[in-house]
Amino acid sequence: MKYITFTRAYAFLTLSFLFCACGGNSTTENKNIGTKFFFAPYGTPVLDGSSSDEAWENAEWYAINQNWLPPYTPDSLDFKGRFKVIWDENMLYILAEITDDTLVDTHSDGLVQYFDDDCLEVFVDEDASGGDHAYNYNAFAYHIALDNKVVDIAPDSSKRYYDDHCISLRNTVGNISVWEVGIKIFDGKNYVDGGENIPKTLKQMKKIGFALAYCDNDHSPEREHFMGSMPIEGQDKNRAWQDASLLGILELK
Ligand SMILES: [Ca+2]
Ligand SMILES: [Ca+2]
Ligand SMILES: [Ca+2]
Ligand SMILES: [Ca+2]
């Protein structure tokens, strides 16, 4: 009897192990390490820096509350941020509400140390493939400056403007800025610098690698804070600019 019980238990354990080893519990369709999911309902806002559009009402708020540049975490007067995402066939739309005690743009050349001026940083990986995107278009890391200029690193490692990828309107009252941003989604695999790149037509259920962050400087030589929308494991948390596998998954509902 004891032997039979042991045999059954052994068989159960063996089957369980095989089930796991064969990926029986793997439901993710992407290679992304990050398990944070974001959801975007359908809608088209008027891009004017105002959140009054009906289209924003159905979207939920997500926090920008993860410290990607430890050890100093800002208090809520220094920085606080949250955002919503919606979509239509033409673009992804972000509504970001940022509390920042001081807005600074100390580098007159927008391609120089742009991440050390206050800016919104939007990460998009069109096919949610994950993987390296430092010097290629596997994913984009759009740094949207206070003057609405958009910068990322090109495959030749130069810093470049991608102003035609994002339409950004910011409205600041006191220490609260509302950013309303439309983002065209490009297929990075077939993107050609200087070529006729046509943005993807977005469809329901599409999954996009995604994260939102804010670079906060308040008159220091370098940015003081880099806050992101999901946790990044390990000591070095400033890796999303080169590793799309760290991004969350945004699903178009
Ligand atoms: Ca609006
Ligand atoms: Ca600040
Ligand atoms: Ca990709
Ligand atoms: Ca600031």
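Anyway, here's the lowdown on the structure attached to this text. (Residues numbered from 1 in each chain as written. Chains lettered and ligands numbered in written order. Predicted model: local features only at pLDDT ≥ 70, side-chain atom pairs only at ≥ 80, totals over all residues. Heavy atoms only, no water.)

1. Structural notes on the coordination of the calcium ion (ligand 1)
Turning to step 1, where the next piece is worked out: Around the calcium ion (ligand 1), the protein contributes the donor atoms V46 (O), D48 (OD), S50 (O), D53 (OD), D53 (OD), E180 (OE) and E180 (OE), which lie 2.3 to 3.2 Å from the metal centre.
Turning to step 2, where the next piece is worked out: When the donors of the calcium ion (ligand 1) are listed by position in the chain, the intervening gaps give V-x1-D-x1-S-x2-D-x126-E.
Turning to step 3, where the next piece is worked out: In this structure D48 comes out as partly exposed when scored by relative accessible area, which is 42%.
Turning to step 4, where the next piece is worked out: Residue class for D53 comes out buried when judged on its relative accessible area of 12%. (Donors = N, O, S within 2.8 Å, 3.2 Å for Na, K, Ca; no water. Buried < 20%, exposed > 50% of the residue type's maximum accessible area, 1.4 Å probe, protein only.)

2. Brief notes about empty space enclosed by the protein
Turning to step 1, where the next piece is worked out: A full pass over the atoms with the stated rule returns 2 cavities of 30 Å³ or more.
Turning to step 2, where the next piece is worked out: By volume, the largest cavity is sized at about 40 Å³.
Turning to step 3, where the next piece is worked out: In terms of lining residues, the largest cavity is bounded by E126, D127, S129, Y137, N138, D187, G188 and K189.
Turning to step 4, where the next piece is worked out: Per-class residue counts for the lining of the largest cavity are 1 nonpolar, 3 polar and 4 charged. (1 Å grid on protein atoms, 1.4 Å probe; cavity = no way out; pocket = protein on both sides within 12 Å on 5 of 7 lines; lining within 4 Å. Points joined across faces, edges and corners; volume = space filled by probe spheres on them. Nonpolar A, V, L, I, M, F, W, Y, C, P; charged D, E, K, R; others polar.)

3. Details of the coordination of the calcium ion (ligand 2)
Turning to step 1, where the next piece is worked out: Only D78 (O), D78 (OD), D100 (OD), D101 (OD), D216 (OD), D216 (OD), D218 (OD) and D218 (OD) from the protein coordinate the calcium ion (ligand 2), and they sit 2.4 to 2.8 Å from it.
Turning to step 2, where the next piece is worked out: Every donor residue of the calcium ion (ligand 2) comes from the same chain, spaced as D-x21-D-D-x114-D-x1-D.
Turning to step 3, where the next piece is worked out: A spacing of 3.7 Å is found between the calcium ion (ligand 2) and the calcium ion (ligand 4), which share D100 as a donor.
Turning to step 4, where the next piece is worked out: By relative accessible area, D100 is classed as buried at 3%.
Turning to step 5, where the next piece is worked out: Overall, D101 belongs to the partly exposed group, its relative accessible area being 43%.

4. Here's the deal with the nonpolar core
Turning to step 1, where the next piece is worked out: Residues F83, L92, Y142 and F210 are the most contacted members of the largest nonpolar core, which totals 53 residues.
Turning to step 2, where the next piece is worked out: For this core, the element with the most residues is strand β12 (residues 207-216), which contributes 7 residues.
Turning to step 3, where the next piece is worked out: By size, the runner-up hydrophobic cluster in this structure holds 8 residues, among which are I86, M91, Y93 and L95. (Core = buried A, V, L, I, M, F, W, Y, C linked by side-chain atoms within 4.5 Å. Helix = DSSP H or I, 4+ residues; strand = E, 2+ residues; numbered from the N terminus.)

5. A short note on the pattern of salt bridges
Side-chain pairs of opposite charge can arise where the charged atoms are in close proximity.
Turning to step 1, where the next piece is worked out: Under the counting rule described, the total for this entry stands at 10 salt bridges.
Turning to step 2, where the next piece is worked out: Between E97 and R82 there is a salt bridge; the shortest N-O distance is 3.1 Å. Residue E97 is located in strand β5 (residues 92-100), and its partner R82 is located in strand β4 (residues 79-87); the two are separated by 15 residues in the primary sequence.
Turning to step 3, where the next piece is worked out: Among the residues examined, E97 registers a relative accessible area of 26% and is labelled partly exposed.
Turning to step 4, where the next piece is worked out: One salt bridge in this structure joins D156 and R160, with 3.3 Å as the shortest N-O distance.
Turning to step 5, where the next piece is worked out: Residue classification places R160 among the partly exposed positions, given a relative accessible area of 24%.
Turning to step 6, where the next piece is worked out: Three or more residues joined by partner-sharing salt bridges are found here, namely E126, K200 and K206. (Salt bridge = Lys/Arg side-chain N within 4 Å of Asp/Glu carboxyl O.)

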